[in-house]
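Remarks on the overall topology
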Amino acid sequence: MNTVNYSHQTLGNIVADDFRTASVLMKAGIDFCCGGKMTLDQACKDKNISTGEIVSKLEAVTSTPQNPGQDFKQWSLDFLADYIMNTHHKYVLKTLPELMFYTQKIARVHSHHTELAEVAELFSQINDELLQHLKNEEEVLFPAIKRMIKEKNAADKAIILSEITRMNGEHEFAGGAMDKINEITNGYTLPDDACSTYEVTFAMLKQFEDDLHIHVHLENNILFPKALEL
């Protein structure tokens, strides 16, 4: 793929076509999940970074044949939905209570770092949003998609349309809240007086953010568009 193609492709399509490109975009701080409809050139201009430099890195990671196991676009919708539940949903449900505890603890113990109170509040909002979001996906949207694969009907079509519209908004909220946490912690930079719990919390927040990007990408840029085609 050449420079012109990469520059004018949307971020979501770039990662959907070859998942290895996600690592390049994440390192550059480029949002390919909630911001997946933006072109690479637009995203680089917004970040004030060189499009050519990012394109060179994308070409480097895609210079060898892709592992078929990561070609999510070729997966069946029901298999992809199950993968999202068994991989990302399970991770989120396990990690949310842990990060709720840790973000509140460091905000209390390190109260002189006033930004930590905002981190704890933002993560509490993310926790509330995602718990209901995952429940709706697992109990409403994903079953409707699986039924539509077998037999198309008006009721499930209406469910898919309404749920995806709402899910996209909830993705925007969670992604935006994590972006704000990243911003106010200066990219999870530890202060000189950080204790081990502080360090663990920031490491977990970074891991949570990275997983959320992949999770939302698989839904926004692959699962949802293919479901709407049904």
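Now for a quick tour of the structure. Here the structure is a predicted model, which means the values were calculated and not measured.

All right, on to the overall build of the chain then. Along the chain, the regular secondary structure elements total nine helices and zero strands. For the chain, the succession of helices and strands along the chain, N to C, is α-α-α-α-α-α-α-α-α. Seen through its C-alpha atoms, the chain measures out along the principal axes to roughly 55 × 45 × 30 Å. A total of 230 residues make up the chain; the buried ones form 46% of that total. Sequence separation of 24 or more characterises 75% of the internal contacts of the chain that already satisfy a separation of 6 or more. Surface summary for the chain: the accessible area is close to 11400 Å², and the carbon and sulfur share equals 53%. In the chain, 21 side chains carry a positive charge and 34 a negative one; their mean positions are 5 Å apart.

For the pair helix α4 (residues 40–47) and helix α5 (residues 51–61), the least separation of the axes is 9 Å and the interaxial angle reads 125°. Looking at the two axes, α4 sits oblique to α5. α4 and α5 meet at a crossing whose hand is right-handed. Contacts between α4 and α5 pair L40, D41 and C44 from the former with T51, I54, V55 and L58 from the latter. Classifying every residue of the contact of α4 with α5 by side-chain character gives five nonpolar, one polar and one charged.

This brings us to the side chain of D41. Summarising the element assignment, D41 is placed in helix α4. Side chain to side chain, D41 and T51 meet in a polar contact 3.0 Å long. Not counting chain neighbours up to four residues away, the residues in contact with D41 comprise S7 and T51.

Counting residues in each nonpolar core, the largest one holds 38 residues, and the members touching the most others are L25, L40, L141, F142, I145, I160 and L223. At the level of elements, α2 (11–17), α3 (21–27), α4, α5, α6 (77–109), α7 (115–150), α8 (154–184) and α9 (196–229) are the ones that each hand at least two residues to this core. No other element matches the six residues that α9 contributes to this core. Those residues within four positions of F142 in sequence are excluded, and the remaining contacts are A81, I84, M85, H89, E137, E219 and L223. In terms of nonpolar packing, the next biggest core, distinct from the first, is built from 29 residues, L134, Y188, L212 and V216 among them.

Under the counting rule described, the total for this entry stands at 12 salt bridges. Its salt-bridge partner being K146, residue D82 comes within 2.6 Å of it at the nearest N-O pair. With D82 in helix α6 and K146 in helix α7, this pair connects stretches of sequence that are 64 residues apart. Judged by its relative accessible area of 27%, K146 falls in the partly exposed class. Across the salt bridge formed by K206 and D210, the nearest N and O atoms sit 2.7 Å from each other. Pair noted here: K206 and D210 are both in helix α9, with a separation of four residues, about one helical turn.

Reading the values: rules and limits
Residues numbered from 1 in each chain as written. Predicted model: local features only at pLDDT ≥ 70, side-chain atom pairs only at ≥ 80, totals over all residues. Heavy atoms only, no water. Helix = DSSP H or I, 4+ residues; strand = E, 2+ residues; numbered from the N terminus. Buried < 20%, exposed > 50% of the residue type's maximum accessible area, 1.4 Å probe, protein only. Contact = heavy atoms within 4.5 Å. Areas by Shrake-Rupley, 256 points an atom, 1.4 Å probe, with all protein chains shown as cover. Lys, Arg positive; Asp, Glu negative; His and termini not counted. Charge placed at Lys NZ, Arg CZ, Asp CG, Glu CD. Axes fitted to C-alpha atoms, helices over the stretch in contact; angles between N-to-C directions. Parallel < 35°, antiparallel > 145°, perpendicular 65-115°, else oblique. Left-handed = near helix turned anticlockwise from the far one by under 90°. Nonpolar A, V, L, I, M, F, W, Y, C, P; charged D, E, K, R; others polar. Polar contact = N/O pair within 3.5 Å; in protein donor to acceptor, adjacent residues only side chain to side chain. Core = buried A, V, L, I, M, F, W, Y, C linked by side-chain atoms within 4.5 Å. Salt bridge = Lys/Arg side-chain N within 4 Å of Asp/Glu carboxyl O.

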